[in-house]
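# Report on the structure
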Amino acid sequence: MALLRRSIIELCASDHKSNPQALDSWLKNKTSEVYFDWITNDQLIKFVVEQGEVIAGFGMATADGEVLLNYVLPDFRFNGVSKLVLAKIERSLINRGIEEAQLWSTETAHAFYRSRGWVDRGAPEMENGMRSYPMSKSLGSES
């Protein structure tokens, strides 16, 4: 849980701009109880990336192809952790026969997703003063 909260607070400051309302809305479901619900829900696809004995990245998606989370511990930023989490999610979706995945990207992560083959699927939307980009990626019919 600390990974998600630290990633949002420290790495996404350009999104929330330390605005308490924006930050509170983003963090409100990042609790131990919600995290437990996520990891015990067999309808969600979850992956962690470990560096030594530390969980450096966490990602989650729905079985029908929506990437919900891709977070990295700030200490491991720019070490390929987010790429690895995303690759694991995409491979899992491909293995489930999903041909197109979707996600909502932050301003901070937008260029990252574009560099990984994701494309904008509409204009960004604003919520609590933060811009969110609807994106998709064709995964093809690989197996």
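Residues numbered from 1 in each chain as written. Predicted model: local features only at pLDDT ≥ 70, side-chain atom pairs only at ≥ 80, totals over all residues. Heavy atoms only, no water.

Further remarks concern helix H1 (residues 2-11). Given 3.6 residues to a turn, an α-helix orients residues that are three or four positions apart in the same direction. When we look at burial in H1, the residues that qualify are Leu3, Leu4, Ser7, Ile8 and Leu11. When H1 is viewed along its axis, its buried side chains cluster within an angular range of 125 degrees and face the same direction. Contacts from the buried residues of H1 go to helix H2 (13-16), helix H3 (20-27), helix H4 (32-40), strand E2 (54-62), strand E3 (66-72) and helix H6 (107-115). (Buried < 20%, exposed > 50% of the residue type's maximum accessible area, 1.4 Å probe, protein only. Helix = DSSP H or I, 4+ residues; strand = E, 2+ residues; numbered from the N terminus. Arc of directions from axis to C-beta. Contact = heavy atoms within 4.5 Å.)

Close contact between H1 and H3 brings their axes to 11 Å; oriented N to C, the two are set at 155 degrees. By the angle between their directions, the pair H1 and H3 is classed as roughly antiparallel. The interaxial crossing formed by H1 with H3 has right-handed handedness. Across the interface between the two elements, Arg5, Ile8 and Ile9 from H1 touch Leu23, Trp26 and Leu27 from H3. (Axes fitted to C-alpha atoms, helices over the stretch in contact; angles between N-to-C directions. Parallel < 35°, antiparallel > 145°, perpendicular 65-115°, else oblique. Left-handed = near helix turned anticlockwise from the far one by under 90°.)

By size, the foremost hydrophobic cluster in this structure holds 41 residues, and its most contacted members are Tyr113 and Trp118. With six residues, helix H5 (residues 81-95) is the largest single contributor of residues to this core. The contact partners of Tyr113, leaving out residues within four places of it in the chain, are Asn70, Leu86, Leu103, Ser105, Trp118 and Met135. (Core = buried A, V, L, I, M, F, W, Y, C linked by side-chain atoms within 4.5 Å.)

Time to look at the pairing of strand E7 (residues 130-138). With seven bridges connecting them, strand E4 (residues 100-106) and E7 associate as antiparallel partners. Within E7, the residue paired with Gln102 across the bridge is Ser136. Alignment of strand E5 (residues 119-120) against E7, held across two bridges, turns out to be antiparallel. Paired with Asp120 across the strands is Met135, a residue of E7. When strand E6 (residues 125-127) meets E7, the two strands line up antiparallel, connected through three bridges. Among the inter-strand pairings, Glu125 is bridged to a residue of E7, identified as Ser132. What sits between the antiparallel neighbours E6 and E7 is a turn of two residues, in which Asn128 has the positive phi angle 55 degrees. (Pairing = 2+ DSSP bridges.)

With that settled, the discussion passes to the side chain of Asp15. You can see Asp15 is positioned in helix H2. Buried charged residue Asp15 carries no salt bridge. Nearest counter-charge: Lys17, at 6.4 Å. In terms of polar contacts, Asp15 uses its side chain to reach the backbone amide nitrogen of Glu107, at 2.9 Å. For Asp15, the residues in contact, after removing those within four places along its chain, are Trp26, Thr106, Glu107, Thr108, Gly129 and Met130. (Lys, Arg positive; Asp, Glu negative; His and termini not counted. Salt bridge = Lys/Arg side-chain N within 4 Å of Asp/Glu carboxyl O. Polar contact = N/O pair within 3.5 Å; in protein donor to acceptor, adjacent residues only side chain to side chain.)

Further remarks concern the confidence of the model for the protein chain. Residue-level pLDDT values for the protein chain average 93, and 98% of them are 70 or greater. Mean pLDDT in the protein chain bottoms out at H3, which sits at 89, and peaks at E5, which reaches 98. (pLDDT = per-residue confidence, 0-100.)

A separate point is the pattern of salt bridges. On inspection of all chains with the given rule, the structure shows five salt bridges. With a closest N to O distance of 3.1 Å, Arg114 and Asp120 form a salt bridge. Among the residues examined, Arg114 registers a relative accessible area of 47% and is labelled partly exposed. Taking relative accessible area as the criterion, Asp120 reaches 32% and is therefore assigned partly exposed.

Further remarks concern unusual backbone geometry. Unlike most non-glycine residues, Ser18 shows phi in positive territory, near 55 degrees. In this structure, Ser18 sits in the loop between H2 and H3. Positive phi, close to 65 degrees, is recorded for Phe78, a residue that is not glycine. Mapped onto the secondary structure, Phe78 falls in the loop between E3 and H5. On the basis of relative accessibility, which here comes to 74%, the residue Phe78 falls in the exposed class.

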